[in-house]
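Read off the chains here:
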Amino acid sequence: MGLLRKMRAAPLEARMQEELRSRRQAAEKDPFGFAAFSAADAEMTGVSDYSYWGSTLRAFMKNRVAVALLSVLAALLLFTVIQPLLPNQYPANQIINHPTTGVQMSNVAPSFTTAKVSVPAGTELIITPWEDARWTAVSNVLTGIKARAEFTVLQYGADYCRVDLDGQTGYVKNDFSTKLKLPEEPEKTPYASRSNFAIKLYSAPGDYTNNGDPLFVPTEYLNIDGERAVTNRACDLRILPSSAPFLFGTNNLGQDLWALVWRGTRTSLFIGFTVAVIEALIGILVGVLWGYVRRLDRLLTAVYNVVDNIPTTIVLILIAYVMRPGISTLIFAMCLTGWVGMARFIRNQIIIIRDREYNMASRSLGTSTVRIILRNLLPYLVSVIMLRMALAVPGAIGSEVFITYIGLGLPVSIPSLGNLINAGRKLISTSQSYQLVFPTIVLSIITISFYMIGNAFADAADPKNHL
Amino acid sequence: MVKYVLKRLLSAVVTLIVILTVVFVLVRQMPIEGYFDNFDKLDQNMISARLHQLGLTDPLHVQLFRFYGQLLRGDLGASARYRVGAPISEIIAQKAPLSIQMGVMAMALAMALGIPLGAAMARSKSKFWDKFGTVFIVFVNAVPAAVYYIYLQSYGSSLLGTSMLFSRDDWRTWILPVFSMSLGNIAYYAMWLRRYMVDELNKDYVKLAKAKGLSERAITMRHVFRNAFVPMIQYIPTSLMFTVCGSIYIESLYSVPGMGGLLVDVISRQDNPMVQAIVMIYSCVGIIGLLLGDLLMVVIDPRITFAKKEDVR
């Protein structure tokens, strides 16, 4: 809009400059001559390239922080939508079990890859029986060593010792977890040794397992010979027969937190947007009726006084307690009181502007009430309506977190940011605190962005700041 | 003015009756398990006998009238699951004083910190305190309280070297719950006081005072601050509400044996009579808070008149 006007205004300005120059020249020639009156020139002074939305946009763009947050938020929203369509994603809520042992992959730390160790070509591995054509389950565990079983140390190493166990040579780990019984001078081999724990005998000085579970490698990377295999190229041994990583780790049930967080973000944003839209619709409708229809004023004011007096949180708790927990319950409970603020604001504004001269003129000319409301009144209020909607989103997300904490939120089968934060809450001072940190970061980015953008937009939409 | 006060009182009473009725009717819709502590072990006859004994088989309006009768005698009914058979008013009488004490401390702390912060922000426009305060306000307003309370509890308690949970005898364990409860209000007071003070600073009398040669400090503290403080009164009921709602979360987070923790507790145990009673009490606190705020405004600002405002329209 602003661009269009500028295009129209630009030649005008040039013409004005031209006109001024010619007048100056005329004045130099004849300083006391009369200036001619031209109706077209007089018209020109009335031209302004001011456009409300153009100026709002310009004022908004000046606020660097808000623009940066807007781009972050837009990227985040876009990503939230397309995340399930990307390759290498685990479905949210799916419990991921280890394929050979069947144990849940719980509390896997966040990582960019599923690779556990990289091995060179020619590494000998032992195959664990498991059916899959593309992947093979491997480890380098020759055999388990019982607690306090004796073996002979052939060669000492700070990390791994080469040992002989009943004629089978291999390596055992030498650290706090095995606590090998070693003599004063451990380098002087051979000698008998043992561990007080059950430990493992590895085929190489390295642990090619995931805490004892086998690792996975694509079958084509192996030259298989019975139970043994040799790698035919340098490759990664992975904790799962998949290259999809757990970017945010997994929770204690073995669900992928990355998938859960984005699914939760979708749920929370859905609640937030729905609440904002419903609140705006009800608020505008009631506000317009309240402000415009005089007969309804007394009734709606009485209703307002009652509803406004009830603490919002209490309504939320009560409705969530009485109704079955679910997304629709939460939305209903939040909307039940949320429209009040919007309705009152709209009503006050409408009372102020509805009897202004231009509206009286419009009414006298026979404009229908609906048209007056839609075309004459509401455009004044768009900026504030948008501000209120922008602030309703973080408000709704916060309420969801709160109500989940009280125990009235969504069931765990519907991941939401509130659910995830509530689950991660107990782990804050443990090594699994990432299960709280990731949902918190996403939530904070969303709420802070909405809040800042809403306020920056309200500032920008105020004509006082359009100078 | 008397007329206004009476009218305001009347509207508060009407609101109260509406809310109590709605809460009562809504809680009647709950499953009947919430009235028994051993529902699974009972057979059908025992259940209906107990329901009859509690009067829950009567028509709704009969129950409602009986409820109001009990209420006027100060009887809130008996707990069904939380502490079986104990009168709710007694349980609450044990729990409420601690909550009130904490709430008052939190509100006092919020004023003691929020008002100087707001004044400092207005005085140092776009310098350190203004920037610090703005970041603080945005953070507290935008990030859900539930989230930063968790971090505050965990890191705060290790910083102070105290237990994560509240214990009445150790004064150091009071610090974090009270501070957390006041955070929202600190931001709220600071935000509004700054706004009002900046508005006042642009007025003509400030220019006059400057021309007269008064020091910057005297102008802001003696003139601007006083004028800006009057409209702040209207935020007291809202901040009371903030404190009350914050206490629900904080008390259960720190295991404070107060009303807020009690509410979370009885909700998880589905104790219908208790939930009903506590929700009603909280609604009353909210209504009384708003009423007090309105009356306080009348007392403080004599410019408020109570002529019928019909002619404005």
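Residues numbered from 1 in each chain as written. Chains lettered and ligands numbered in written order. Predicted model: local features only at pLDDT ≥ 70, side-chain atom pairs only at ≥ 80, totals over all residues.

**Details of the overall build of chain A**
Of the regular secondary structure elements, chain A holds 12 helices and 13 strands. In terms of overall size, chain A is more extended than a compact globule, its C-alpha atoms giving a radius of gyration of 36 Å where 467 residues would be expected to give roughly 23 Å. Summarising its shape, the C-alpha atoms of chain A cover approximately 120 × 70 × 45 Å along the three principal directions. Looking at chain A as a whole, 33% of its 467 residues are labelled buried. When contacts within chain A are restricted to residue pairs at least 6 apart in sequence, long-range pairs at least 24 apart make up 70% of them. (Helix = DSSP H or I, 4+ residues; strand = E, 2+ residues; numbered from the N terminus. Rg over C-alpha atoms; globule rule 2.2 N^0.38 Å. Buried ≥ 20, exposed ≤ 12 C-beta atoms within 10 Å, placed from the backbone. Contact = placed C-beta atoms within 7 Å.)

**As for the overall build of chain B**
The number of helices and strands found in chain B is 12 helices and 0 strands. Helices and strands appear in chain B in the N-to-C order α-α-α-α-α-α-α-α-α-α-α-α. With respect to the three principal axes, the spread of C-alpha positions in chain B is 85 × 60 × 30 Å. In chain B, the share of contacts with a sequence separation of at least 24, taken over all contacts with a separation of at least 6, comes to 73%.

**Topic: the interface of chain A and chain B**
Listed by partner, the interface residues are 32 residues for chain A and 32 residues for chain B. Mapped onto the side of chain A that touches chain B, the elements with two or more residues apiece are α6 (297-309), α7 (312-322), α10 (369-406) and α12 (434-461) of chain A. Of the residues that constitute the side of chain A that touches chain B, the class distribution is 22 nonpolar, 9 polar and 1 charged. (Nonpolar A, V, L, I, M, F, W, Y, C, P; charged D, E, K, R; others polar.)

**Describing the nonpolar core**
By size, the foremost hydrophobic cluster in this structure holds 130 residues, and its most contacted members are V261(A), I317(A), A190(B), Y249(B), I278(B) and V279(B). One finds V217(A), L222(A), L237(A) and L240(A) within the second-largest nonpolar core, a separate group that totals 14 residues. (Core = buried A, V, L, I, M, F, W, Y, C linked by C-beta atoms within 7 Å.)

**Side note on helix α11 (residues 259-268) of chain B**
Each turn of an α-helix holds 3.6 residues, which means side chains three or four residues apart point in the same direction. Among the 10 residues that make up α11(B), 8 are buried, leaving the element largely enclosed by the rest of the structure. Buried residues of α11(B): M259(B), G260(B), G261(B), L262(B), L263(B), V264(B), V266(B) and I267(B), and no others. Check the buried side of α11(B) and you find it contacts α7 and α10 of chain A together with α4 (88-123), α10 (236-253) and α12 (272-300) of chain B. The positive-phi residue at the C-terminal boundary of α11(B) is Q270(B), with phi of around 55°.

**A look at the packing of helix α1 (residues 2-28) of chain B against α12(B)**
The angle between the axes and the distance between the axes are what describe a pair of packed helices. Residue and element names in this part refer to chain B. In contact at an axis separation of 10 Å, α1 and α12 are set at 165° when each is read in the N-to-C sense. By the angle between their axes, α1 is roughly antiparallel relative to α12. As α1 packs across α12, the resulting crossing turns out to be right-handed. Across the interface between the two elements, Y4, V5, R8, A12, T15, L16, I19, L20, V23, F24 and V27 of α1 pack against N272, V275, Q276, V279, M280, S283, C284, I287, L291, D294, L295 and V298 of α12. Classifying every residue of the contact of α1 with α12 gives 17 nonpolar, 4 polar and 2 charged. (Axes fitted to C-alpha atoms, helices over the stretch in contact; angles between N-to-C directions. Parallel < 35°, antiparallel > 145°, perpendicular 65-115°, else oblique. Left-handed = near helix turned anticlockwise from the far one by under 90°.)

**Topic: unusual backbone geometry**
Positive phi values are uncommon outside glycine, yet N107(A) reaches one of about 55°. Checked against the element boundaries, N107(A) lands in the loop between α4 (64-82) and β1 (115-119). Although it is not a glycine, Q270(B) adopts a positive phi angle of roughly 55°. Structurally, the position occupied by Q270(B) is in the loop between α11 and α12.

**Looking at the environment of N196(A)**
Residues and elements named next belong to chain A. Mapped onto the secondary structure, N196 falls in the loop between β8 (191-193) and β9 (199-202). Residue N196 is classed as exposed on the basis of its C-beta count, with 11 C-beta atoms lying within 10 Å. Sequence separation between N196 and L180 is 16 residues, and the spatial gap between their C-alpha atoms is 7.5 Å. If we skip the residues at most four places from it in the chain, N196 touches A147, R148 and K179.

**Description of the confidence of the model for chain B**
All names here are of chain B. The predicted model of chain B averages 83 in pLDDT, with 96% of residues at 70 or higher. For residues 307-313, every residue scores under 50 in pLDDT, and the model assigns this stretch 1 contact once sequence neighbours within four places are set aside. Scoring the predicted complex yields pTM 0.82 and, for the interface, ipTM 0.83. (pLDDT = per-residue confidence, 0-100.)

**As for the packing of helix α5 (residues 257-292) of chain A against α10(A)**
Residue and element names in this part refer to chain A. Following both chains from N to C, one finds α5 and α10 inclined at 145°, their axes separated by 8 Å at the closest point. Note on packing geometry: the crossing formed by α5 with α10 is right-handed. For the pair α5 and α10, the contacting residues are S268, I271, G272, F273, V275, A276, E279, A280, I284, V288 and Y292 in the first and I373, I385, R388, M389, A392, V393, A396, I397 and E400 in the second. Along the lines of polarity and charge, the residues of the contact of α5 with α10 split into 15 nonpolar, 2 polar and 3 charged.

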